[in-house]
Amino acid sequence: QVQLVESGGGLVQAGGSLNLSCAASGSIFSIDVMGWYRQAPGNQRDMVAGITSRGSTNYADSVQGRATISRDNAKNTAHLQMNSLTPEDTAVYYCAALGVRSGKYYYAAVWGQGTQVTVSS
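In this text the structure is predicted, and so the values were computed from the model without any measurement.

**Things to note about the nonpolar core**
Right, on to step 1. Core analysis: the biggest nonpolar cluster contains 31 residues, and Trp36, Val48, Leu80, Met82 and Tyr93 have the highest contact counts within it.
Right, on to step 2. Put simply, the parts of the chain that give this core at least two residues each are β3 (18-25), β4 (30-39), β5 (46-52), β7 (67-72), β8 (77-82), β9 (91-102) and β11 (115-120).
Right, on to step 3. Counting residues per element, this core draws most heavily on β9, at five residues.
Right, on to step 4. Those residues within four positions of methionine 82 in sequence are excluded, and the remaining contacts are Gly16, Ser17, Leu18, Arg38, Val48, Val63, Arg66, Ala67, Asp89 and Tyr93.

**A word on the pattern of salt bridges**
Right, on to step 1. Taken as a whole and judged by the stated rule, the model has three salt bridges.
Right, on to step 2. Linking aspartate 89 and arginine 66 is a salt bridge whose minimum nitrogen-to-oxygen distance equals 2.7 Å. In this pair, aspartate 89 sits in the loop between β8 and β9 while arginine 66 sits in the loop between β6 (57-59) and β7, placing the two residues 23 residues apart along the sequence. Like arginine 66, aspartate 89 is buried.
Right, on to step 3. Sharing partners across several salt bridges, the network here consists of Arg38, Arg66 and Asp89.

**A short note on the state of the cysteines**
Right, on to step 1. Counted according to the given criterion, the structure contains one disulfide.
Right, on to step 2. Covalent S-S linkage joins cysteine 22 and cysteine 95, the inter-sulfur distance amounting to 2.0 Å. Here cysteine 22 and cysteine 95 share a disulfide; its torsion about the S-S bond, -80°, makes the bridge left-handed. With a gap of 73 residues between them, cysteine 22 in strand β3 and cysteine 95 in strand β9 connect regions that are remote in the sequence.
Right, on to step 3. Accessibility expressed as a relative area gives 2% for cysteine 22, which makes it buried.

The rules behind each value
Residues numbered from 1 in each chain as written. Predicted model: local features only at pLDDT ≥ 70, side-chain atom pairs only at ≥ 80, totals over all residues. Heavy atoms only, no water. Core = buried A, V, L, I, M, F, W, Y, C linked by side-chain atoms within 4.5 Å. Buried < 20%, exposed > 50% of the residue type's maximum accessible area, 1.4 Å probe, protein only. Helix = DSSP H or I, 4+ residues; strand = E, 2+ residues; numbered from the N terminus. Contact = heavy atoms within 4.5 Å. Salt bridge = Lys/Arg side-chain N within 4 Å of Asp/Glu carboxyl O. Disulfide = S-S within 2.5 Å.

Dropping the structure here:
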């Protein structure tokens, strides 16, 4: 079974930064994409950033230029750093692993439990 565990988050002042980490556990052969999504109350879950196994990245327009996603394929970890936070960044942030190959199994998507990020003005 593949599981994702997130760390980081918490309360951050506006203008500050956040660092989120995600670690995938289990007998993992490969993960196509690791990414971060966020969901604010009353809103849908939206993609924040994603990174392929080859290192290609994609960012939501709302975080472009102030977010950096990275991953370590050997350790099956991903990290998100985001600067210049505003209250609009307040949300539950979820780590996602897309296209996970584990033994004879293939998982289209595996989600972490989410971590709350609150940006105070």
